[in-house]
Amino acid sequence: MISSIAELIADRVGTMPAGERRAAQTLIASYPLIGLKTVAEFSAAAGVSSPTILRFVARLGFQNYPEFQSSLQDELAAQLQSPATRTLNPPSPGGGTVSPMLEATLDNMRETFRHLSDRQLADIATRLAERRGKTFLIGGRFTDPLARYMAAHLAVIQPDVFHLAGQESMWRDRLIDMGKRDVLVIFDIRRYQDSLVRFAEKAHQRGVQIVLFTDQWLSPIARFARHVIAGRTAVPSAWDSSAALFVVAETLIGAVTRQLEAEGARRIREMEGLR
């Protein structure tokens with residue numbers, strides 16, 4: 001399974017010199033469009049030299065800059081696919097319905113976790129377990145059930161956890177309650193939801209730390225996020241699959257629960273007594 005450029009960056013950013021890390025951060029912040037510009041324009045945006053951009057591209061495994069841009073163009077085309085477009089794809093050889101879907105879903109999970117470091121998951125879990133502020137969760141048209149599911153679990157083991165639902169105007173009203181101590185968890189996969197991007201930008205301007213669950217092509221919200229979880233979502237269907245992101249969410253729920261073991265157990269006992 002071919003890795004996306006965002007996944008390659010996640011795998012190799014730890015070995016990059018400072019200049020190449022700036023190139024990587026600039027690309028992620030304007031993914032993938034800045035990479036489709038000339039080397040000179042990319043280097044100017046990143047504040048590094050043109051040779052640094054070329055070394056960055058080589059570190060990702062590309063022979064030259066045009067090959068790098070060709071890969072980005074393929075990703076952009078995939079990112080812009082609609083369900084209507086994907087229904088035109090021919091069925092997988094071998095027939096059957098369950099097996100190709102199951103295999104693709106399992107591959108998505110394996111690939112998602114292969115590009116996720118234990119350190120990143122631990123950092124996110126630690127931030128979600130902190131009692132400094134509030135935790136808000138929200139998703140898009142098809143991903144909001146994941147946000148609601150994660151919020152329901154986190155709210156059992158700690159206070160001040162809120163799932164944002166309803167119309168966009170209602171989300172914006174909650175911005176008044178958000179600040180630098182708070183975390184906003186957003187689920188957004190292709191085709192990315194403009195209202196979520198606007199909301200994330202406003203929250204970022206207020207200093208809120210954003211944790212983004214997205215796909216391998218990266219929601220535009222990535223430029224505002226402190227942590228980005230890029231899960232595999234493509235399956236042989238007109239619809240993308242959120243299964244890999246769901247498993248990451250459950251992994252984080254488990255990690256936060258372990259960190260809050262004593263307090264979580266106390267809250268659960270008290271809740272049971274109130275039933």
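That block above? That's the structure.
Since we're looking at a predicted model, the values are computed, not measured.

Draft legend 1. Highlighting the nonpolar core. Among the nonpolar cores identified, the biggest contains 45 residues, and Phe56, Phe68 and Leu184 are the most heavily contacted of them. One finds Ala129, Ile189, Ala249 and Leu260 within the second-largest nonpolar core, a separate group that totals 29 residues.

Draft legend 2. Representation of unusual backbone geometry. Note that the residue after Tyr31, namely Pro32, is joined by a cis bond; omega there is -10°. With omega at -10°, the peptide bond leading from Arg190 into Arg191 counts as cis. A positive phi angle is found at Asp160, which is not glycine, with a value near 60°. On the secondary structure map, Asp160 appears in the loop between α9 (144-157) and β2 (161-163). The exposure class of Asp160 is partly exposed, given its relative accessible area of 38%. One non-glycine residue, Leu218, lies in positive phi territory at about 70°. Structurally, Leu218 is set in the loop between β4 (209-215) and β5 (227-231). With a relative accessible area of 3%, Leu218 lands in the buried category.

Draft legend 3. Layout of the sheet that holds strand β1 (residues 135-139). Judged by pairing direction, the sheet is parallel, and its 5 strands sit side by side in the order β2-β1-β3-β4-β5 without closing on themselves. For this open sheet the edge positions go to β2 and β5, each flanked by a neighbour on one side alone. Strand-to-strand twist of the sheet, defined as the mean angle between neighbouring strand axes without regard to direction, takes the value 15°. Looking at chain direction, strand β3 (residues 183-187) and β4 are connected through 5 bridges and run parallel. Directly across from Phe187, in β4, lies its bridge partner Phe213. Across the sheet, helix α8 (residues 118-129) is in contact with β1, β3, β4 and β5; its angle to β5 comes to roughly 125°.

Draft legend 4. Focus on the packing of helix α3 (residues 39-46) against helix α4 (residues 50-59). At a minimum axis separation of 8 Å, α3 and α4 run at an interaxial angle of 100°. Accordingly, the angle class assigned to the pair α3 and α4 is roughly perpendicular. Along its contact with α3, which presents Val39, Ala40, Phe42 and Ser43, the element α4 presents Ser50, Ile53, Leu54 and Phe56. Residue composition of the contact of α3 with α4, by class: 6 nonpolar, 2 polar and no charged.

Draft legend 5. Broad picture of the pairing of β5. Extensive coverage of β5 is indicated by the burial of 4 of its 5 residues. Where β4 meets β5, 5 bridges bridge the pair, whose relative direction is parallel. Within β5, the residue paired with Asp215 across the bridge is Gly231.

Draft legend 6. Structural context of the environment of Thr105. Along the chain, Thr105 falls in helix α7 (residues 98-114). When sequence neighbours within four positions are dropped, the list of residues in contact with Thr105 reads Val235, Ser241 and Ala243.

Draft legend 7. Here's a closer look at helix α12 (residues 243-259). Between its first and last C-alpha, α12 extends 25 Å over 17 residues, near the 24 Å set by a 1.5 Å rise per residue. The complete set of buried residues in α12 reads Ala244, Leu245, Val248, Ala249, Leu252, Ile253, Ala255 and Val256.

Draft legend 8. The arrangement of the packing of aromatic side chains in detail. Considering all chains together, one arrives at 8 aromatic pairs under this definition. Each ring, one from Phe187 and one from Phe213, has its centre 4.3 Å from the other, and the planes form 25°; the classification is stacked. Here the residue Phe187 occupies a position in strand β3, and Phe213 occupies one in strand β4, the gap between them amounting to 26 residues. Judged by relative accessible area, Phe213 falls into the buried class, the value being 1%. Clustering of aromatic rings is evident, with ring pairs tying together Phe62, Tyr65 and Phe68. Directly above the aromatic system of Phe162 lies the positively charged group of Arg174, at a separation of 5.1 Å from the ring centroid.

Draft legend 9. Region of interest: the pattern of salt bridges. Applying the stated criterion across every chain yields a total of 16 salt bridges. When the shortest N-O distance is used, the salt bridge between Arg198 and Glu168 registers 3.0 Å. With Arg198 in helix α11 (residues 194-205) and Glu168 in helix α10 (residues 168-174), the pair connects residues that are 30 residues apart, well separated along the chain. Bridged by salt links that share partners, the residues Glu7, Glu111, Arg114 and Arg232 form one connected network.

Draft legend 10. Local environment of the environment of Arg21. Considering the arrangement of structural elements, one finds Arg21 in helix α2 (residues 18-29). Sequence separation between Arg21 and Val156 is 135 residues; the distance between their C-alpha atoms is 39 Å. Those residues in contact with Arg21, other than ones at most four positions away along the chain, are Val13 and Met16.

What counts and what doesn't
- Residues numbered from 1 in each chain as written.
- Predicted model: local features only at pLDDT ≥ 70, side-chain atom pairs only at ≥ 80, totals over all residues.
- Heavy atoms only, no water.
- Core = buried A, V, L, I, M, F, W, Y, C linked by side-chain atoms within 4.5 Å.
- Buried < 20%, exposed > 50% of the residue type's maximum accessible area, 1.4 Å probe, protein only.
- Helix = DSSP H or I, 4+ residues; strand = E, 2+ residues; numbered from the N terminus.
- Pairing = 2+ DSSP bridges.
- Axes fitted to C-alpha atoms, helices over the stretch in contact; angles between N-to-C directions.
- Contact = heavy atoms within 4.5 Å.
- Parallel < 35°, antiparallel > 145°, perpendicular 65-115°, else oblique.
- Nonpolar A, V, L, I, M, F, W, Y, C, P; charged D, E, K, R; others polar.
- Expected span 1.5 Å × (residues − 1).
- Phe/Tyr/Trp six-rings, centres within 6.5 Å; stacked < 30°, edge-to-face > 60°.
- Lys NZ or Arg CZ within 6 Å of the ring centre and 35° of its normal.
- Salt bridge = Lys/Arg side-chain N within 4 Å of Asp/Glu carboxyl O.

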